[in-house]
Amino acid sequence: MMLFEEALQQVIDNCTKGATEKIVLYQALGRVLAEDVVSDMDMPPFDKSAMDGFAIRESDIHKELEIIETVAAGQTPKLEVKPGTATRIMTGAPIPKGADCVIEVELSELVTEHTVKFSGHSKGNIVAKASDINLGDLVLSKGQIIDARHIAVMATVGCTHPTVFKQPLVGIISTGDEIVEPEIKPNLSQIRNSNGHQLVAQVVQSNAIPKYYGIVKDSYQATYAAIENGINECDVLILTGGVSMGDFDFVPKIMVDLGVKLLFDRVAVQPGKPTTFGTKGNKLIFGLPGNPVSSFVQFEIMVKPAIYQMMGIIEKKKNISLPLAEAYSRKKDDRKAFIPIKLTDKSTVIPTEYHGSAHINSLTESHGFAIIEIGVKELKEGELVNVRLF
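Parameters and conventions
Residues numbered from 1 in each chain as written. Predicted model: local features only at pLDDT ≥ 70, side-chain atom pairs only at ≥ 80, totals over all residues. Heavy atoms only, no water. Axes fitted to C-alpha atoms, helices over the stretch in contact; angles between N-to-C directions. Helix = DSSP H or I, 4+ residues; strand = E, 2+ residues; numbered from the N terminus. Parallel < 35°, antiparallel > 145°, perpendicular 65-115°, else oblique. Left-handed = near helix turned anticlockwise from the far one by under 90°. Contact = heavy atoms within 4.5 Å. Nonpolar A, V, L, I, M, F, W, Y, C, P; charged D, E, K, R; others polar. Phe/Tyr/Trp six-rings, centres within 6.5 Å; stacked < 30°, edge-to-face > 60°. Buried < 20%, exposed > 50% of the residue type's maximum accessible area, 1.4 Å probe, protein only. Pairing = 2+ DSSP bridges. Salt bridge = Lys/Arg side-chain N within 4 Å of Asp/Glu carboxyl O.

S.K.: I tried to follow the packing of helix α1 (residues 4–13) against helix α6 (residues 292–310) on my own but got confused; where do I start?
M.R.: When two helices pack together, their arrangement is given by the angle between the helix axes and by the axis-to-axis distance. Running from N to C, α1 and α6 cross one another at 30 degrees; their axes reach a closest spacing of 9 Å. Viewed along their axes, α1 and α6 adopt a mutual orientation that is roughly parallel. As α1 packs across α6, the resulting crossing turns out to be right-handed. Contact with α1, carried on its side by Phe4, Ala7, Leu8, Val11 and Ile12, involves Ile301, Met302, Pro305, Ala306 and Gln309 of α6 and no other residues of that element. Of the residues that constitute the contact of α1 with α6, the class distribution is 9 nonpolar, 1 polar and no charged.

S.K.: How should the packing of aromatic side chains be read in this particular structure?
M.R.: Taken as a whole, this structure holds 9 aromatic pairs when the rule is applied. When the centroid spacing of 4.8 Å and the interplanar angle of 40 degrees are considered together, the rings of Phe277 and Phe286 count as tilted. For Phe277, a relative accessible area of 0% translates into the label buried. Residue classification places Phe286 among the buried positions, given a relative accessible area of 0%. Ring plane angle 80 degrees and centroid distance 5.0 Å describe the contact between Phe369 and Phe390, whose orientation is recorded as edge-to-face. Of this pair, Phe369 sits in strand β26 (residues 368–372) while Phe390 sits in the segment after β28 (384–389); the two residues are 21 residues apart in sequence, bridging distant segments of the chain. Taken together through their ring pairs, the aromatic side chains of Phe4, Phe296, Phe338, Phe369 and Phe390 make up a single cluster.

S.K.: So what exactly am I meant to see when it comes to the packing of helix α3 (residues 195–205) against α6 here?
M.R.: In contact at an axis separation of 10 Å, α3 and α6 are set at 20 degrees when each is read in the N-to-C sense. Put simply, α3 runs roughly parallel to α6. Seen from above, α3 lies across α6 with right-handed handedness. Across the interface between the two elements, Asn195, Gln198, Leu199, Gln202 and Val203 of α3 pack against Pro292, Ser295, Phe296, Phe299 and Glu300 of α6. Broken down by class, the residue content of the contact of α3 with α6 amounts to 5 nonpolar, 4 polar and 1 charged.

S.K.: Whenever I open this one, the sheet that holds strand β6 (residues 85–89) confuses me. Can you help?
M.R.: Sheet strands associate in pairs through backbone hydrogen bonding, adopting either a parallel or an antiparallel arrangement. With mixed pairing, the 6 strands of this open sheet are ordered in space as β7-β4-β6-β5-β9-β8. Edge strands, defined here as strands with exactly one partner in the open sheet, are β7 (101–104) and β8 (108–112). Direction aside, the axes of adjacent strands within the sheet are offset by 40 degrees on average. With 5 bridges connecting them, strand β5 (residues 65–71) and β6 associate as parallel partners. Bridge pairing links Ile67 to Ala86 in β6.

S.K.: So what exactly am I meant to see when it comes to the environment of Cys159 here?
M.R.: Mapped onto the elements, Cys159 comes out in the loop between α2 (148–156) and β12 (163–165). Along the primary structure Cys159 and Ala208 are separated by 49 residues, whereas in three dimensions their C-alpha atoms are 23 Å apart. Among residues more than four places away in sequence, those in contact with Cys159 are Leu25, Val37 and Met154.

S.K.: Any chance you could explain unusual backbone geometry here in plain terms?
M.R.: Backbone geometry follows two general trends: most residues other than glycine have a negative phi, and most peptide bonds adopt the trans configuration. Following Met43, the chain continues to Pro44 via a peptide bond in cis, the omega torsion being -5 degrees. For Pro44, the location among the structural elements is in the loop between β2 (37–38) and β3 (48–49). The residue after Gln270, namely Pro271, is reached through a cis peptide bond having omega 0 degrees. You can see Pro271 is positioned in the loop between β19 (269–270) and β20 (276–280). Unusually for a residue other than glycine, Asn207 sits at a positive phi of about 70 degrees.

S.K.: Would you mind going over the pattern of salt bridges with me for this structure?
M.R.: Charged atoms that come close allow side chains of opposite charge to pair. Taken as a whole and judged by the stated rule, the model has 11 salt bridges. The shortest N-O distance in the salt bridge between Lys63 and Asp60 comes to 3.1 Å. Look at Lys63 and you get partly exposed, because its relative accessible area is 43%. Across the salt bridge formed by Lys253 and Asp257, the nearest N and O atoms sit 3.0 Å from each other. With a gap of 4 residues between them, Lys253 and Asp257 both fall in helix α5 (residues 251–257), about one helical turn apart. The partly exposed category is assigned to Asp257, whose relative accessible area is 35%. Look at the salt bridges and you will find they share partners, linking Glu5, Lys336 and Glu373 into a network.

S.K.: How should I be thinking about the sheet that holds strand β18 (residues 261–264) in this particular structure?
M.R.: Strand order in the open sheet made by the 6 strands is β16-β13-β17-β21-β20-β18, with mixed pairing throughout. The outermost strands of the open sheet, each flanked by one partner alone, are β16 (209–216) and β18. Sheet twist, expressed as the average angle between the axes of neighbouring strands with direction ignored, equals 20 degrees. Examined bridge by bridge, strand β13 (residues 169–175) and β16 share 7 bridges and lie parallel to one another. Each bridged residue has a counterpart across the sheet, and for Thr175 the counterpart in β16 is Val216.

Here it is, written out as structure tokens:
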């Protein structure tokens, strides 16, 4: 049985970064930058007004001034502001030559149609050229998952066709004679297939592309054919069920029979001990336990890091330390445990009611996992525990 840290390192060491492609900006949401983005210009590209008002020489603040022109956003000033003159200016418009401040409309009073005086003085109100971004500045780094904010930045600096990593195709196979799809009412010996659909959603949330193959019955031939097909078609293949020690748990043997290099088939974690991992060429194959909490946890802590590594994502999520709202104990301490928890309004955590790895609805009430290290059987109220939030 391999320690979790060793198993995860085996996974990461066998990930190959995917190819890259250029895409149009409006398709970039959720994709991962494969190169740095630098600015092709200064921002703002000129000194601009921060508000509607009058551009003047500050030394003229106490004088009645002649209004020589009006400059709206998008227009270029034609006249220089000389002593005794002012330019009516709108927010975002370029500052005319000669002006060194903008007096807002609220502090301005028209004496005539062509003259203005001021009732107060508000310094500045000029946004300096390149005060936000300089030409050549790094604005987004390789490995960034692109969201709406990054789309705006790329548009600003003219990055209309960003280079991104291709999304890995992730195959998902559920195994088991007892499993039926959600639209079927199970009989007394059956359960609905939650794992397959849960994993499809987790793959989508990881910015990869899922390919759901459905349910494979518990036969060597059917499972062999499904795994072979999945390996041929996908970059990553995930199977749930069939990895324990029962008479119908074929997955590890079939992986070996298909030429998969099996790197581990037991991990010292709870839940998810029988998690299996192997490679064939640059393909990754994961065998996850059939219980839904186990498959959810193992995807989050083992499969998702692999997908992120393949797409060049720099994962910034870190575990945080929070105090326990109540004492916690467990019977065995030989595996690293990931226990569902809820956050309280006092910035503490409390274990969610949890009946074991089949108790899937415990996750819907949870905010994350408390990570209990090997050798730790008890934690006192108020003791700090590492927490990984969803």
